[in-house]
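Fold and geometry: a report
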Amino acid sequence: MKRPIFPPRVEGTASRQAHADLPEGTYEREISKEGFFGPAAFFHHRHPPTGWVAFEGPLRPHAFDLNKPARDHGSPWQAPEILRNAHVRIRYWRPATSMDHLARNADGDDLLFVHKGGGEFHCDYGHLALAAGDYVVIPRGTMWRVELRDPLAALMIEATNGSYSLPEKGLLGGHAIFDPAMLDVPAMDAAFVAQQSEERSWQVRVKRNNAVSTVTYPFNPLDATGWHGDLSVVRVNVKDLRPIVSHRYHLPPSAHTTFVGQRFVVCTFVPRPFETDPGALKVPFFHNNDDYDEVIFYHAGNFFSRDNIGPGMMTLHPCGFTHGPHPKALKNMLVQPKPATDEYAVMIDARDALEITDAAKEVEWAGYVDSWKDPK
Ligand SMILES: [Fe+2]
């Protein structure tokens, strides 16, 4: 058993309860270990900690507008990488046409998040109809393709040399946030059987060490007649997530963890009622994200704590960068005009520093670091 090095203490004029009953006229900033799981300290500042007038150097935050690149990536392995490290690679895939081949990832599990559009997903395990808001976990080694119904835009989050699992739900019990019984699996249905045509040859493009090999078959290799086992593609839609809330306490982002990789986690923000206790914070507290690089992809709705960020955009707050609500949102720190948030967003928290690719730099909004300046 590890024990923290320092016992809880209160110094000066301070609240004893995190995220609530702040001394009048102060702003709370948290320094914490292990995301929001570990030991933490909460400071009460006279000024918002994002009140800088200049900010230089590699710790600057980034915002990318992923709506910008043209649609032409018929293969997921041609989709541009946006951010990457040794444990996670984040691509943004916008195919203009249905896939005329099968893809297979030998580098790790993929998590597909459908931002827009939909189609028929055919894989070793059968057929799934994809819609916006779907998370699809594709185990490493699965052959798959998508037949477009509507133009697709999807985030692809690769657990490089790793796999996905569900988070430990602890005292909440295993059926909270979403019941594992809500996970859909592909069906060997009429649509799957119909695509098992012998009329043409098929390529399988296999990615290993980020290099693609092409295997050609004179038949369609998605020709299984059935399967059994305890491994499969699974799907859950963000509309089926039931977020944890407290009416008296602003829960940290870790309460919204949806999938766990190795040295990164994926969390989902979905609409939830605001806190109603008069002293409870109604916006995120200021913090430095001290153990993780934090990525948020904005899917739909109004992003209540950020200004000038719209659907299809992605932000990166490097570990150590102090952030919190934008000035407009901060004005609603204790009183919100609406009863609930109206936002869907995917957060990826990575333990190791993420590299920003050239494709991301091309669509970067350079003014993001100045967006915390109060327009008054
Ligand atoms: Fe953060």
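Scope of this entry: the structure provided in the associated data block.

Conventions and cut-offs
Residues numbered from 1 in each chain as written. Predicted model: local features only at pLDDT ≥ 70, side-chain atom pairs only at ≥ 80, totals over all residues. Heavy atoms only, no water. Pairing = 2+ DSSP bridges. Helix = DSSP H or I, 4+ residues; strand = E, 2+ residues; numbered from the N terminus. Axes fitted to C-alpha atoms, helices over the stretch in contact; angles between N-to-C directions. Buried < 20%, exposed > 50% of the residue type's maximum accessible area, 1.4 Å probe, protein only. 1 Å grid on protein atoms, 1.4 Å probe; cavity = no way out; pocket = protein on both sides within 12 Å on 5 of 7 lines; lining within 4 Å. Points joined across faces, edges and corners; volume = space filled by probe spheres on them. Nonpolar A, V, L, I, M, F, W, Y, C, P; charged D, E, K, R; others polar. Donors = N, O, S within 2.8 Å, 3.2 Å for Na, K, Ca; no water.

**Comments concerning the sheet that holds strand β3 (residues 62–65)**
Overall, antiparallel pairing links the six strands, which are arranged β3-β18-β17-β19-β15-β14 in an open sheet. Looking at strand neighbours, the two that pair on one side only are β3 and β14 (257–260), the edges of this open sheet. Pairs of neighbouring strands in the sheet enclose a mean axial angle of 20°, with direction left out of account. Examined bridge by bridge, strand β17 (residues 293–302) and strand β19 (residues 342–350) share nine bridges and lie antiparallel to one another. If you follow Val295 over to β19, its bridge partner there is Ile348.

**Things to note about unusual backbone geometry**
Of note, the phi angle at Asp21 is positive, near 50°, even though the residue is not glycine. Relative to the assigned elements, Asp21 resides in the segment before β1 (27–32). A positive phi angle, near 55°, is found at Glu34, a position not held by glycine. A residue is classified by how much of its surface remains accessible, and Glu34, at 39% relative accessible area, is partly exposed.

**Some thoughts on empty space enclosed by the protein**
Counted under the stated rule, the structure contains four cavities of 30 Å³ or more. Empty space within the largest cavity amounts to approximately 380 Å³. In terms of lining residues, the largest cavity is bounded by 28 residues, among which His250, Pro253, Phe269, Pro284 and Ser305 are the most central. The set of elements that each furnish at least two residues to the lining of the largest cavity consists of β17 and β19. For the lining of the largest cavity, the per-class residue count stands at 16 nonpolar, seven polar and five charged.

**A closer look at the coordination of the iron ion**
Donor atoms from the polypeptide that bind the iron ion are His287 (NE2), Asn289 (OD1), Glu294 (OE) and His323 (NE2), placed at 1.8 to 2.8 Å. Mapping the donors of the iron ion onto the primary sequence yields the spacing H-x1-N-x4-E-x28-H. Of the residues examined, Asn289 reaches a relative accessible area of 6% and is grouped as buried. Of the residues examined, Glu294 reaches a relative accessible area of 4% and is grouped as buried.

**Some points on the layout of surface pockets**
One number sums up the size of the largest pocket: a volume of about 670 Å³. In this structure, the largest pocket is lined by 21 residues; those nearest its centre are Arg9, Val10, Ala40, Ala41 and Phe42. For the lining of the largest pocket, the element with the highest residue contribution is strand β2 (residues 40–45), accounting for five residues. For the lining of the largest pocket, a count of residues per class yields twelve nonpolar, five polar and four charged. In this model, the second largest pocket occupies a volume close to 510 Å³. Residue lining of the second largest pocket: 25 residues in total, with Phe37, Glu168, Ser254, Ala255 and Thr257 positioned closest to the centre. Contributing elements (two or more residues each) for the lining of the second largest pocket: β14, β15 (264–269) and β19. Its residues assigned to classes, the lining of the second largest pocket comprises 14 nonpolar, five polar and six charged.

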